[in-house]
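# Secondary and tertiary structure notes
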Amino acid sequence: MSTKKIESKETAPGEYGDLFALLMKELKLFKRKFILSLRSVSTNEPQRYGLRYFERQHQAEVLRLFNEERFEELLSIPVGEVGRCATQLECRYIDSGKIVGLQVNEARPHENGRYVGLTPAKVFLDEEGEKLVHIAARINQKS
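To start, this report covers the structure provided alongside it.

## Looking at the overall build of the chain
When helices and strands are counted, the chain shows four helices and ten strands. Taken from the N to the C terminus, the helices and strands of the chain come in the order β-β-β-α-β-β-β-α-α-β-β-β-β-α. Expected size for 143 residues packed as a compact globule is a radius of gyration near 15 Å; at 15 Å, the chain falls within 12% of this value. Dimensions along the principal axes, computed over C-alpha positions, put the chain at roughly 40 × 30 × 30 Å.

## Side note on the pattern of salt bridges
With the rule as written, the count across this model stands at 21 salt bridges. A salt bridge links arginine 114 to glutamate 15, with the nearest nitrogen and oxygen atoms 3.0 Å apart. Here the residue arginine 114 occupies a position in strand β9 (residues 114-117), and glutamate 15 occupies one in strand β3 (residues 15-16), the gap between them amounting to 99 residues. One salt bridge connects glutamate 68 with arginine 70, and the closest N-O pair in it is separated by 2.5 Å. If you follow the salt bridges from partner to partner, you end up with Glu15, Arg56, Glu106, Arg108, Glu111 and Arg114 in one network.

## Let's talk about the layout of surface pockets
Estimates place the volume of the largest pocket at around 190 Å³. Residue lining of the largest pocket: 15 residues in total, with Asp18, Asn105, Tyr115, Val116 and Gly117 positioned closest to the centre. Only β3, β6 (48-54), β7 (87-93) and β9 provide two or more residues apiece to the lining of the largest pocket. No other element matches the four residues that β9 contributes to the lining of the largest pocket. Taken together, the residues of the lining of the largest pocket break down into six nonpolar, four polar and five charged.

Basis of the calculations
- Residues numbered from 1 in each chain as written.
- Predicted model: local features only at pLDDT ≥ 70, side-chain atom pairs only at ≥ 80, totals over all residues.
- Heavy atoms only, no water.
- Helix = DSSP H or I, 4+ residues; strand = E, 2+ residues; numbered from the N terminus.
- Rg over C-alpha atoms; globule rule 2.2 N^0.38 Å.
- Salt bridge = Lys/Arg side-chain N within 4 Å of Asp/Glu carboxyl O.
- 1 Å grid on protein atoms, 1.4 Å probe; cavity = no way out; pocket = protein on both sides within 12 Å on 5 of 7 lines; lining within 4 Å.
- Points joined across faces, edges and corners; volume = space filled by probe spheres on them.
- Nonpolar A, V, L, I, M, F, W, Y, C, P; charged D, E, K, R; others polar.

Dropping the structure here:
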């Protein structure tokens, strides 16, 4: 695979394909092992997962910085309460950085709890992922 960055496609106006589906079904970069464990197909490293929550008033800034790939600045935006904010930055990665996936989602309880990708899921591979793994490791928000 020569491409070092891959993005999910728009599925409806302003909605994008899911990061998990892109990594598992389209790109097949992860495989299931022992039912719950997800492992990199190429390195056998376990998948790491993180979420960061943002209050609604920060959503436009979160989207702008994400789309501009200014991830370090995105981490400086104040976080909201875990599990109580609809806007979420999701990451899935492996420790080596050979795979780093990021996406901004929105939980929509008024639509039966549906989750919507507000940005394309972005998957960075090899050297590009290695540049971002230190950011991905800091995304998971503590309670």
